[in-house]
Amino acid sequence: MIDERDIQDKDINLGAPNKGAASVRVRRIVAYIVLILLSILCLVWFYILFINATRSNGDLSRGFRAYPSDRLFVNLNNLFHGTLPVARGMLNSLIIAALSAVLTTYFSTMTAYAIHAYRFKCRKAIFVFILAVMMVPTQVSALGFQQMCHNMGLENSYIPLVLPSVAAPVVFFYLKQYMDSNLPGELLEAARMDGAGEIGIFNIVVVPMMKPAIAVQAIFAFVGSWNNYFMPSLLLHKDEMKTLPILIAQLRAADWLKFDMGQVYAMIAFSIFPVIIVYLILSRYIVGGVTAGSVKG
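Residues numbered from 1 in each chain as written. Predicted model: local features only at pLDDT ≥ 70, side-chain atom pairs only at ≥ 80, totals over all residues. Heavy atoms only, no water.

## Remarks on helix α5 (residues 123-133)
Here is step 1 of the chain: For α5, the set of buried residues is R123, F127 and I130. Relative to the axis of α5, the buried residues are bounded by an arc of 65° and lie together on one face. Turned more than 90 degrees away from the buried face of α5, the exposed residues are K124, V128 and F129.
Here is step 2 of the chain: In this structure, the buried side of α5 is in contact with α4 (86-117) and α8 (169-182). (Buried < 20%, exposed > 50% of the residue type's maximum accessible area, 1.4 Å probe, protein only. Helix = DSSP H or I, 4+ residues; strand = E, 2+ residues; numbered from the N terminus. Arc of directions from axis to C-beta. Contact = heavy atoms within 4.5 Å.)

## Remarks on unusual backbone geometry
Here is step 1 of the chain: The backbone of C122 shows a phi angle near 65°, a positive value even though the residue is not glycine.
Here is step 2 of the chain: Among the structural elements, C122 can be located in the loop between α4 and α5.

## Describing the pattern of salt bridges
Side chains carrying opposite charge are able to pair once their charged atoms draw close together.
Here is step 1 of the chain: Per the counting criterion, the structure on display carries four salt bridges.
Here is step 2 of the chain: The partner of K176 in a salt bridge is D180, with the nearest N and O atoms 3.0 Å apart. Of this pair, K176 and D180 both sit in helix α8, separated by four residues, roughly a single helical turn.
Here is step 3 of the chain: Exposure remark for D180: the relative accessible area of 27% places this residue in the partly exposed category.
Here is step 4 of the chain: R192 is paired through a salt bridge with E198; the nearest N and O atoms lie 2.8 Å apart.
Here is step 5 of the chain: Here the residues in one salt-bridge network are E189, R192 and E198, joined through shared partners. (Salt bridge = Lys/Arg side-chain N within 4 Å of Asp/Glu carboxyl O.)

## What to know about the packing of α4 against helix α14 (residues 261-282)
Here is step 1 of the chain: Remark: α4 packs on α14, axes separated minimally by 11 Å, with the N-to-C direction vectors making an angle of 35°. Crossing of α4 over α14 shows right-handed handedness. Residue-level inspection shows V86, M90 and L94 of α4 in contact with α14, the latter providing M267, F270 and P274.
Here is step 2 of the chain: For the contact of α4 with α14, the residue count by class is six nonpolar, no polar and no charged. (Axes fitted to C-alpha atoms, helices over the stretch in contact; angles between N-to-C directions. Left-handed = near helix turned anticlockwise from the far one by under 90°. Nonpolar A, V, L, I, M, F, W, Y, C, P; charged D, E, K, R; others polar.)

## Structural notes on the packing of aromatic side chains
Here is step 1 of the chain: For the structure on display, the rule yields eight aromatic pairs.
Here is step 2 of the chain: A centroid spacing of 5.5 Å and a plane angle of 85° characterise the contact between Y106 and F107, whose relative ring orientation is edge-to-face.
Here is step 3 of the chain: Taking the relative accessible area as the measure of exposure, Y106 reaches 32% and is therefore partly exposed.
Here is step 4 of the chain: Residue classification places F107 among the partly exposed positions, given a relative accessible area of 31%.
Here is step 5 of the chain: Among the aromatic residues, ring-to-ring pairing joins Y106, F107, Y113, Y118 and F202 into one connected group.
Here is step 6 of the chain: The residue whose ring lies beneath R55 is Y67, and the NZ or CZ to ring-centre distance is 5.2 Å. (Phe/Tyr/Trp six-rings, centres within 6.5 Å; stacked < 30°, edge-to-face > 60°. Lys NZ or Arg CZ within 6 Å of the ring centre and 35° of its normal.)

Right, dumping it as structure tokens:
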């Protein structure tokens, strides 16, 4: 005799995988829909920016239109042949942002390696002190820093904008967490047993293994320095030394006879392209770097 309960249990067991697969499929569809909507929401502002960059000041004053106009090259021509040194400002921003990204990532990686790999007195106290520095906003010390640079004759110079990037507590903390998850001490001991020096271990073994995290932080450091307006506005006074954010602010602050919102949008769109290029070059490291740095291995 076949028990009816056994038949019902078998039917339930056969139907369970189908229900589970259907539930996973529904969640995946919902996730894709949400991601697509978020992507559209993020990209629509870029679309509005580039559309406005193709319009004249008179067109913009009449309201937004969703299709492009034919004033882009006119706006760019007026921008590059105007009174502001836009091309030099782009070069200044590139130099400062690139040097800041390189120094920030390299020396923060070196600091994180020292805290991670070596055992010495006050190690934990130094780690806590570095984390405490993260709590101090830049604006608190800005005036004192500006006065110090003035006394040292470092105004209108890249040095006070690039050199402080050597000490970046936030970058150090991220790289330290990444090392705790992905840099085993056995690997370092094996390199020492093979006769490698400490500098060689850091540059040949540690830096390549940290490449995903370094790439992620390089993007953040580059974008942060590229968009920085506060400190350059305090230290850079000559037009040929100013960065793009300062020039954009000056263009927006022009008197009403010279004000052209089309040029402002064109300059903002022009200033975004280097950031997009850097992101496209290093973006393949973002997912792996963020995931590995936040999950303990």
